[in-house]
Amino acid sequence: MTSSDQPHAWKIVVHGGAGILERDVIGADQEREIRAALANALEVGSDILTAGGSALDAVEAAVKKLEDNAHFNAGRGSVFTYQGTTELDAAIMEGRERRSGAVAGATATRNPVSLARAVMEKSPHVMLSGGGADQFSRDQGLEQAGPEWFSTPARRQALDDMLSNRDGWFDVDMKYGTVGAVALDTGGHVAAATSTGGITGKRWGRIGDSPIIGAGTYADDRAGAVSATGSGEYFIREAAAHEICARVRMLGQTAKAASDAVIAEVGELGGTGGFIFVSRSGEAGWSFNSAGMYRGKASADGMVVQIFGDE
Ligand code: ASP
């Protein structure tokens with residue numbers, strides 16, 4: 001009997017965004033660095049799960065790693081708003097009691113996923129926004145970071161490009177670098193976390209799906225855990241992450257079948273992107289309708305990291 005035959009063999013899945021990710025769009029150096037970053041996030045989460053740690057700890061740790069990596073649109077390397085600032089959205093949820101925490105438009109916390117967890121564990125609320133979220137972060141003693149930490153020349157260029165030839169509301173190059181993680185621990189509990197800077201050039205306090213519980217992030221031990229990435233407005237309208245869990249719980253679909261069905265519905269609405277999922281029964285995987293998605297999964301049996309649609 002291998003370890004994966006046990007009742008609750010641990011699983012972890014991460015994503016680093018979806019979009020027009022093709023070999024000639026991403027250079028070889030960037031591809032190598034991104035694969036290494038996804039592997040590193042999986043390793044950090046795997047170490048926690050192997051030691052019997054919780055899915056909640058694993059997804060937070062994995063997302064923190066990705067937030068700290070400037071390749072992804074979360075924490076360091078987040079996209080700029082229309083005004084040239086950063087407004088960070090994040091959520092975390094655990095499947096046992098469906099406790100959850102989220103922040104929208106936070107501006108100064110180094111790791112927004114940890115702020116979301118503090119909202120879940122240290123406040124009576126589920127979601128805080130803007131200046132109030134920043135104040136709560138300081139009150140909780142979380143590590144603060146200034147604009148110079150979050151900003152990178154590549155994101156500045158993306159904003160400049162968008163402002164000079166804006167022809168749509170979504171990122172001009174259709175590369176969504178939001179990050180997320182879902183996990184199943186050896187106790188049979190699931191958790192999900194998602195973190196993002198949103199979309200380049202967002203304004204008017206726009207909030208996407210990532211911090212909306214049920215849209216971009218959801219976890220329920222009766223079904224599984226889901227984190228989304230893509231054109232957030234469509235994922236909100238679909239209540240996408242919850243929809244996948246509801247299909248598993250009430251229709252008895254596999255998580256893969258549910259995830260495929262829901263990305264198809266998001267596509268019918270006009271949205272692009274994808275999901276990662278784990279199910280209570282140990283399924284771990286993804287669905288996407290974009291050209292590629294930065295993604296990877298790990299279990300006691302090994303690790304897989306992929307980017308392109310043909311992998
Ligand atoms: N879903 C995110 C949003 O709409 C963007 C992304 O996935 O990169 O804010």
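As a starting point, this report considers the structure included with it. (Residues numbered from 1 in each chain as written. Predicted model: local features only at pLDDT ≥ 70, side-chain atom pairs only at ≥ 80, totals over all residues. Heavy atoms only, no water.)

Section: the sheet that holds strand S6 (residues 190-196)
The strand order across the open sheet formed by 8 strands is S4-S3-S2-S6-S5-S1-S11-S12, and the pairing between neighbours is mixed. Of all strands in the sheet, those with a lone pairing partner are strand S4 (127-129) and strand S12 (302-308), marking the two edges. Ignoring strand direction, the axes of neighbouring strands in this sheet form an average angle of 5°. One ladder, built from 3 bridges, connects strand S3 (residues 100-106) with S4; its direction is parallel. Bridge pairing in S4 links Ala 102 to Met 127. Its contacts with the sheet put helix H1 (residues 28-50) on strand S1 (11-19), strand S5 (179-184), strand S11 (292-299) and S12, and the angle it makes with S12 is roughly 145°. (Pairing = 2+ DSSP bridges. Helix = DSSP H or I, 4+ residues; strand = E, 2+ residues; numbered from the N terminus. Axes fitted to C-alpha atoms, helices over the stretch in contact; angles between N-to-C directions. Contact = heavy atoms within 4.5 Å.)

Considerations on the pattern of salt bridges
Under the counting rule described, the total for this entry stands at 16 salt bridges. Two residues, Asp 220 and Arg 249, come together in a salt bridge whose shortest N-O distance is 3.8 Å. Remark: Arg 249 occurs in helix H8 (residues 240-251) and Asp 220 occurs in strand S7 (residues 217-220); sequence separation between them is 29 residues. One network of salt bridges, with partners in common, ties together Asp 57, Glu 60, Arg 117 and Glu 121. (Salt bridge = Lys/Arg side-chain N within 4 Å of Asp/Glu carboxyl O.)

Regarding the nonpolar core
Counting 42 residues, the largest nonpolar core has Ile 12, Val 14, Phe 72, Ile 92 and Tyr 294 as its most contacted members. If one sorts the elements of this core by residue count, helix H2 (residues 55-67) sits on top with 7 residues. Once residues lying within four places of it in the same chain are set aside, the contact partners of Tyr 294 are Val 14, His 15, Gly 16, Gly 17, Leu 21, Ile 26, Gln 30, Ile 34, Leu 38, Phe 72, Gln 306 and Ile 307. Val 13, Ala 223, Ala 240 and Val 262 belong to the second largest nonpolar core, which has 32 residues in total. (Core = buried A, V, L, I, M, F, W, Y, C linked by side-chain atoms within 4.5 Å. Buried < 20%, exposed > 50% of the residue type's maximum accessible area, 1.4 Å probe, protein only.)

Section: the sheet that holds strand S10 (residues 284-288)
Ordered in space as S7-S8-S9-S10, the 4 strands form an open sheet in which the pairing is antiparallel. Pairing within the sheet leaves two strands with one partner each, and these edge strands are S7 and S10. Along the sheet, successive strands turn relative to each other by an average axial angle of 15°, direction set aside. By the bridge criterion, 5 bridges tie strand S9 (residues 273-279) to S10 in an arrangement that is antiparallel. Bridge pairing in S10 places Phe 277 opposite Gly 285. Contacts from helix H9 (residues 255-269) reach S9 and S10 within the one sheet, and its direction differs from that of S9 by about 160°.

A look at the packing of aromatic side chains
Summed over the entire model, instances satisfying the criterion amount to 2 aromatic pairs. Seen in terms of ring centroids, Phe 72 and Tyr 294 are 6.1 Å apart; in terms of plane orientation they differ by 85°. Their pairing is edge-to-face. Taken together, the residues Phe 72 in the loop between H2 and strand S2 (88-94) and Tyr 294 in strand S11 connect sequence positions 222 residues apart. For the pair Phe 72 and Tyr 294, a shared accessibility class is recorded, and that class is buried. Measuring from ring centre to ring centre gives 5.5 Å for Phe 235 and Phe 275, while their planes differ by 70°; the resulting arrangement is edge-to-face. Of the two residues, Phe 235 is situated in helix H7 (residues 232-237) and Phe 275 in strand S9; the sequence distance between them amounts to 40 residues. In this structure, Arg 156 packs its charged tip against the face of Phe 80, placed 4.3 Å from the ring centre. Between the NZ or CZ atom of Lys 297 and the centre of the ring of Trp 286, over which it lies, the distance is 5.3 Å. (Phe/Tyr/Trp six-rings, centres within 6.5 Å; stacked < 30°, edge-to-face > 60°. Lys NZ or Arg CZ within 6 Å of the ring centre and 35° of its normal.)

A word on the site of the ligand
Close to the ligand lie Tyr 176, Gly 177, Thr 178, Gly 198, Arg 206, Gly 208, Asp 209, Ser 210, Thr 229, Gly 230 and Gly 232, which account for all nearby residues. Here an oxygen atom of the ligand and a side-chain polar atom of Arg 206 are 2.8 Å apart. Asp 209 places a polar side-chain atom, nitrogen or oxygen, 2.7 Å from a nitrogen atom of the ligand. Coverage of the ligand by the protein amounts to 100% of the 270 Å² it exposes when considered alone. Broken down by class, the residue content of the shell around the ligand amounts to 1 nonpolar, 8 polar and 2 charged. (Near = heavy atom within 4 Å. Polar contact = N/O pair within 3.5 Å; in protein donor to acceptor, adjacent residues only side chain to side chain. Areas by Shrake-Rupley, 256 points an atom, 1.4 Å probe, with all protein chains shown as cover. Nonpolar A, V, L, I, M, F, W, Y, C, P; charged D, E, K, R; others polar.)

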